[in-house]
Amino acid sequence: MYRTATLSLINGLHCNVKLATRYLSLNLSTAEKWNLYAGVLVERLPVVSKELNALEKEFKEYLLRVEFEKSLKSNHEVQHERDLKQAELLKEGNVGLDLDEIVAKQTAQDLKDAYTEEFKQFKLASRKTIDDKANNETSTNRCLEDTLYLLISQKLGKDEYFLLPQGPRVEGETMRQAAERVLREKCGNQMKVCFYGNAPCGFHKYKYPITMRDQTIGAKVFFYRASLLAGNVDKNVTGKYGWIRTDALEGKLNNFSYLRSVQKIIF
């Protein structure tokens, strides 16, 4: 009886070990069958500061009042007071003053009048550019108050999607090297960008359709962040592309999972 129970226990353990070994081997072999991709989040940073809202304007005026109350008199104000005193002495007929020097000298009030006239002729540049009015999404000279992100049209399977520039890693490359190469291949050499680091800032993975899972089951995309310094996408290299604001990404990135992965690295 004890021998039968012992044999049953041994057989059960042997079966469990076999199943566990098979499960682990399947997991290990499956984990190796992913394509590695490098993606680049290229951002055009704001060119001008945002307009102040009502609360910010009120606080700004408060700071200006505090600064004015605590500030010392400027050289211009001291000179203006000196000019007023000389004018009073002149009215009193003070013969000790050099009239020729007083007449020839430019007073602080004269300078103020000249500055005021020059300021009246000054006009602030418009925050809206020609490309804003034309809604030209391929231009970086638009939405100057906002950060813009580069999306390009890429083919996945039979369909085309707007995505961050991305491509497969080549054997022997680091992921950072792959990201730099992919950006050149997808967007040309006319853009000058600055990568923020050697480590990826985000991650996304997706599985291929079952009919396409021959050697690999899917792709793992590692996102790198870069800032646009100058230039633009080479139209001879890239087909459709656009510089998109944060609030417009949802309308361009159709895949919800991919959109969520991109939104996690935008700040």
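Quick caveat: nothing in here was measured; it's all calculated off a predicted structure.

1. Points about the side chain of T129
- Its place among the elements puts T129 in the loop between α5 (108-121) and α6 (130-134).
- Polar contacts involving the side chain of T129 include one to the main-chain carbonyl oxygen of N141, which spans 2.6 Å.

2. Observations regarding the side chain of E173
- For E173, the position within the fold is in the loop between β4 (166-168) and α7 (175-187).
- Leave out the neighbours within four places in its chain, and E173 touches A178 and R181.

3. Some points on helix α2 (residues 54-70)
- Helix length check: α2 (17 residues) gives 25 Å between terminal C-alpha atoms against 24 Å at 1.5 Å per residue, within 8%.
- Where α2 starts, the residue carrying a side-chain oxygen 3.2 Å from the main-chain nitrogen of L55 turns out to be N53.

4. Considerations on the nonpolar core
- L150, M191 and W243 are the most contacted members of the largest nonpolar core, which totals 20 residues.
- When contributions to this core are tallied by element, the ones reaching two or more residues are β1 (34-44), β2 (148-156), α7, β7 (218-230) and β8 (241-245).
- Per-element tally for this core: the top contributor is α7, with 5 residues.
- Ignoring sequence-local partners within four residues, the contact set of L150 consists of V42, L163, L164, P165, C187, M191, V233, Y241, G242 and W243.
- Y149, L151, L259 and I265 belong to the second largest nonpolar core, which has 18 residues in total.

5. Some details on the packing of aromatic side chains
- Throughout the structure, instances matching the rule amount to 4 aromatic pairs.
- The interplanar angle of 55° and the centroid separation of 5.2 Å between the aromatic rings of F203 and F222 together place this pair among those described as tilted. Of this pair, F203 sits in strand β6 (residues 202-207) while F222 sits in strand β7; the two residues are 19 residues apart in sequence, bridging distant segments of the chain.
- Assessed through its relative accessible area of 38%, F203 is described here as partly exposed.
- For F222, a relative accessible area of 22% puts it in the partly exposed group.
- Sitting over the face of the ring of W34, K220 holds its NZ or CZ atom 5.1 Å from the ring centroid.
- The ring of F162 has K252 lying over it, and the distance from NZ or CZ to the ring centre is 5.3 Å.

6. So, the confidence of the model for the protein
- In the predicted model, the protein carries a mean pLDDT of 83, and the fraction of residues at 70 or more is 83%.
- Least confident of the elements in the protein is helix α1 (residues 2-31), whose mean pLDDT is 45; most confident is strand β5 (residues 192-195), at 96.
- The model gives residues 1-7 a pLDDT under 50, and that stretch makes 0 contacts with residues more than four places away or in other chains.
- The low-confidence segment residues 15-31 (pLDDT under 50) makes 1 contact with residues lying over four places distant or belonging to another chain.

7. What to know about the environment of Q79
- Along the chain, the position of Q79 falls in helix α3 (residues 75-91).
- Taking the relative accessible area as the measure of exposure, Q79 reaches 22% and is therefore partly exposed.
- Considered as a pair, Q79 and T107 are 28 residues apart in the sequence and their alpha carbons are 7.8 Å apart.

8. Quick look at the pairing of strand β3 (residues 159-163)
- Bridge count between β2 and β3: 5 bridges; the pairing is antiparallel. Of the residues in β3, the one forming a bridge with I152 is L163.
- Counting the residues that bridge the hairpin from β2 to β3 gives 2 residues, and of these G157 lies at a positive phi of roughly 70°.

9. Things to note about a nonpolar patch on the surface
- On the surface, a cluster of nonpolar side chains totalling about 320 Å² of accessible area is made up of F59, Y62 and L63.
- Within the secondary structure, Y62 is located in helix α2.
- Residue class for Y62 comes out partly exposed when judged on its relative accessible area of 44%.

10. Overview of the pattern of salt bridges
- In total, this model carries 10 salt bridges according to the counting rule given.
- Between E43 and R225 there is a salt bridge, and its shortest N-O distance comes to 3.2 Å. Residue E43 is found in strand β1, and its partner R225 is found in strand β7; the two are separated by 182 residues along the sequence.
- The partner of R181 in a salt bridge is E185, with the nearest N and O atoms 3.0 Å apart. Of this pair, R181 and E185 both sit in helix α7, 4 residues apart, which is roughly one turn of the helix.
- The network of salt bridges with common partners includes K50, D146, R245 and D247.

Each value, and the rule that gives it
- Residues numbered from 1 in each chain as written.
- Predicted model: local features only at pLDDT ≥ 70, side-chain atom pairs only at ≥ 80, totals over all residues.
- Heavy atoms only, no water.
- Helix = DSSP H or I, 4+ residues; strand = E, 2+ residues; numbered from the N terminus.
- Polar contact = N/O pair within 3.5 Å; in protein donor to acceptor, adjacent residues only side chain to side chain.
- Contact = heavy atoms within 4.5 Å.
- Expected span 1.5 Å × (residues − 1).
- Core = buried A, V, L, I, M, F, W, Y, C linked by side-chain atoms within 4.5 Å.
- Buried < 20%, exposed > 50% of the residue type's maximum accessible area, 1.4 Å probe, protein only.
- Phe/Tyr/Trp six-rings, centres within 6.5 Å; stacked < 30°, edge-to-face > 60°.
- Lys NZ or Arg CZ within 6 Å of the ring centre and 35° of its normal.
- pLDDT = per-residue confidence, 0-100.
- Pairing = 2+ DSSP bridges.
- Patch = residues over 30% accessible without salt bridge, like charges linked within 9 Å, V, L, I, M, F, W, Y side chains within 5 Å.
- Areas by Shrake-Rupley, 256 points an atom, 1.4 Å probe, with all protein chains shown as cover.
- Salt bridge = Lys/Arg side-chain N within 4 Å of Asp/Glu carboxyl O.

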